[in-house]
Amino acid sequence: MRLDRRTLLAAPLGFTVLAGGAFYMILQRMQKGTFDPRGVPTMLSNKPLPDFNLPGIDGDGFGSADLARTPGPVVLNFFASWCAPCVEEHRLLINIANQGVPIWGIAYKDAGPQAGAFLKQRGNPYLRTARDDAGRVAIDFGITGVPESFVVDRHGIVRWHIGGPLTAQIVVDQLMPTMRAWV
Amino acid sequence: MTKRLILLLLAAMLAWPGITWAISDPSEALANPSAEKRAVEIGEQLRCLVCQNESIEDSGADLARDLRRIVRQQVTAGKTDQQVIDWMVSRYGNFVRLRPPFNALTFMLWASPVVALLIGCLLLLVGRRRRAPPAAPLSPAETMRLKGLLEP
């Protein structure tokens, strides 16, 4: 390659165009919710759930064995009454639950009566609920904070994950297609 | 005299063994100092998943405290450093390691200083080759003429 004046001028321009295109793609994927720069990808994708058995919030809890014998895929949602994004997400969860999407909930580090009161006050989108007061099961799931959601197929295999709150766009673009793919 | 004192002070500060100012409360630490030292060394290699640019030893986040406790439990149970780190990686992936391993995905990360050096050397070589050879020195006649031109 000859390093003449023209190539020397074109090189930074070409580099800028390439970098700009890459940044544009990243920003667009961030906006669509398909890319989270702070997201920690799950180690569980296409793997069975970690073993756990948790007590309930009001009544019976559930464990990994229960999630491995469901009639179809379910959404497993980690939440907490003290977490603002969870409160934001709650309305959406109630919406999709009303459309027939089965959601199971685990209250993360939400000891005491608050979790139950939260569900009583704001409505309960969950088919079944459990509580992880110590947050130890959440670590086995690789949870970094709440809310986080998984799609678990009827054999208890994790098929999809998102760290952070669900949005209508993510539900339409990612969650529902996954649910349909694993019926 | 004062200068010497300041220098001595500076040298002493630099030579002082690095004290780890753990923000965790002392009740977290293991009673056995050598086990605690190992736990700190392991924890310093693990990323706090909440703050992401701190190790779990440095972080004040809740999750970091939980992970510190797990590291200490496993150290007490006689696990090796590698076993503890593997336990974390199996849950949070290689992202949890502050020092990423060398593999197919990360080789560019590790190789980039060498690649940058090679590119620099290449540019230097190309630049040197393309530089025009220095002009031949002036002949005695030319020197004379130059002198004539410069001196009125």
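Participant: Looking at this structure, how should I read the overall build of chain B?
Facilitator: Secondary structure summary: chain B contains six helices and zero strands in total. In chain B, the succession of helices and strands from N to C terminus is α-α-α-α-α-α. Rg of the C-alpha trace for chain B: 30 Å, well past the compact-globule value of 15 Å for 152 residues, more than 25% over. Seen along its three principal axes, the alpha-carbon backbone of chain B occupies a region of about 90 × 55 × 25 Å. Here chain B, with 152 residues, has 25% of them falling under the buried criterion. Accessible surface computed for chain B: about 11,500 Å², of which carbon and sulfur atoms make up 67%. Distance from the positive charge centre (19 side chains) to the negative charge centre (14 side chains) of chain B: 12 Å.

Participant: Would you explain the overall build of chain A in this entry?
Facilitator: Summing up its helical and strand segments, chain A has six helices and seven strands in all. Starting at the N terminus and ending at the C terminus, chain A contains elements arranged as α-β-β-α-β-α-β-α-β-α-β-β-α. For 183 residues, the compact-globule estimate of 2.2 N^0.38 gives 16 Å, and chain A exceeds it by more than 25% at 21 Å. The principal-axis extents of the C-alpha atoms in chain A amount to approximately 75 × 30 × 30 Å. Buried positions account for 45% of the 183 residues belonging to chain A.

Participant: Got a minute to help me understand the sheet that holds strand S3 (residues 74–79) of chain A in this structure?
Facilitator: Backbone-to-backbone hydrogen bonds join strands into a sheet, with any given pair of strands oriented parallel or antiparallel. Residue and element names in this part refer to chain A. Overall, mixed pairing links the five strands, which are arranged S5-S4-S3-S6-S7 in an open sheet. Looking at which strands have only one partner, the edges of the open sheet turn out to be strand S5 (128–132) and strand S7 (158–163). When strand polarity is set aside, the average angle formed by the axes of neighbouring strands in this sheet is 15°. The pairing of strand S4 (residues 103–108) with S5 spans five bridges and is classified as parallel. Looking at the pairing, tyrosine 108 lines up with aspartate 132 of S5.

Participant: Quick question: what am I supposed to make of the packing of aromatic side chains here?
Facilitator: Two descriptors summarise a pair of aromatic rings, namely the distance from one centre to the other and the angle between the planes of the rings. Counted under the stated rule, the structure contains nine aromatic pairs over all chains. Look at phenylalanine 62 of chain A and tryptophan 104 of chain A: their rings are 4.9 Å apart centre to centre, the planes differ by 70°, and that puts the pair in the edge-to-face class. Taken together, the positions of phenylalanine 62 of chain A in strand S2 (residues 62–63) and tryptophan 104 of chain A in strand S4 put the pair 42 residues apart, joining distant regions of the chain. Both residues of the pair, phenylalanine 62 of chain A and tryptophan 104 of chain A, belong to the buried class. Following the ring pairs from residue to residue traces out a cluster consisting of Phe52, Phe62, Phe78, Trp104, Phe141 and Phe150 of chain A. Positioned above the aromatic ring of tryptophan 182 of chain A, the side-chain terminus of arginine 159 of chain A is 3.6 Å from the ring centre. For the cation-ring pair, arginine 47 of chain B lies above phenylalanine 95 of chain B, with the distance from its terminal atom to the ring centre recorded as 4.4 Å.

Participant: Whenever I open this one, the pairing of strand S6 (residues 148–152) of chain A confuses me. Can you help?
Facilitator: All names here are of chain A. The buried count for S6 comes to five of five residues, which makes it a mostly enclosed element. Of the two faces of S6, both are covered, the one formed by Glu148, Phe150 and Val152 as well as the one formed by Ser149 and Val151. Both S3 and S6 contribute to a ladder of five bridges, which runs antiparallel. Along S6, the bridge assignment pairs phenylalanine 78 with glutamate 148. What sits between the antiparallel neighbours S6 and S7 is a turn of five residues, in which glycine 156 has the positive phi angle 80°.

Participant: What is the right way to read the domain arrangement of chain A from this model?
Facilitator: Domain assignment breaks chain A into domain 1 (1–35) and domain 2 (64–181). Using only C-alpha atoms to locate each centre, domain 1 of chain A and domain 2 of chain A end up separated by 39 Å.

Participant: Could you clarify how one ought to interpret the state of the cysteines in this entry?
Facilitator: Covalently bonding the sulfur atom of one cysteine to the sulfur atom of another cysteine gives a disulfide. All names here are of chain A. Enumeration according to the criterion identifies one disulfide over all chains in this entry. With a sulfur-sulfur separation of 2.1 Å, cysteine 83 is cross-linked through a disulfide to cysteine 86. An S-S torsion of about 85° defines the bridge between cysteine 83 and cysteine 86 as right-handed. Look at cysteine 86 and you get buried, because its relative accessible area is 2%.

Participant: Quick question: what am I supposed to make of the nonpolar core here?
Facilitator: Counting residues in each nonpolar core, the largest one holds 68 residues, and the members touching the most others are Leu76, Phe78, Phe141, Phe150 and Leu166 of chain A together with Leu67 and Val71 of chain B. For leucine 166 of chain A, the residues in contact, after removing those within four places along its chain, are Glu89, Leu92, Leu93, Ser149, Trp160, Val171 and Leu175 of chain A.

Participant: Quick question: what am I supposed to make of the pairing of S3 of chain A here?
Facilitator: In the case of a regular strand, side chains alternate between the two sheet surfaces. Residue and element names in this part refer to chain A. Along S3, six of the six residues are buried, which leaves the element largely enclosed by surrounding structure. Pairing geometry for S3 and S4, over five bridges, is parallel. In the strand pairing of S4, asparagine 77 is matched with glycine 105. Tracing the backbone out of S3, into helix H3 (residues 84–98) and back to the parallel element S4 gives a crossover that is right-handed.

The rules behind the values
- Residues numbered from 1 in each chain as written.
- Chains lettered and ligands numbered in written order.
- Predicted model: local features only at pLDDT ≥ 70, side-chain atom pairs only at ≥ 80, totals over all residues.
- Heavy atoms only, no water.
- Helix = DSSP H or I, 4+ residues; strand = E, 2+ residues; numbered from the N terminus.
- Rg over C-alpha atoms; globule rule 2.2 N^0.38 Å.
- Buried < 20%, exposed > 50% of the residue type's maximum accessible area, 1.4 Å probe, protein only.
- Areas by Shrake-Rupley, 256 points an atom, 1.4 Å probe, with all protein chains shown as cover.
- Lys, Arg positive; Asp, Glu negative; His and termini not counted.
- Charge placed at Lys NZ, Arg CZ, Asp CG, Glu CD.
- Pairing = 2+ DSSP bridges.
- Axes fitted to C-alpha atoms, helices over the stretch in contact; angles between N-to-C directions.
- Phe/Tyr/Trp six-rings, centres within 6.5 Å; stacked < 30°, edge-to-face > 60°.
- Lys NZ or Arg CZ within 6 Å of the ring centre and 35° of its normal.
- Domains from an automatic or database assignment.
- Disulfide = S-S within 2.5 Å.
- Core = buried A, V, L, I, M, F, W, Y, C linked by side-chain atoms within 4.5 Å.
- Contact = heavy atoms within 4.5 Å.
- Right-handed = clockwise from strand over helix to strand, strands pointing away.

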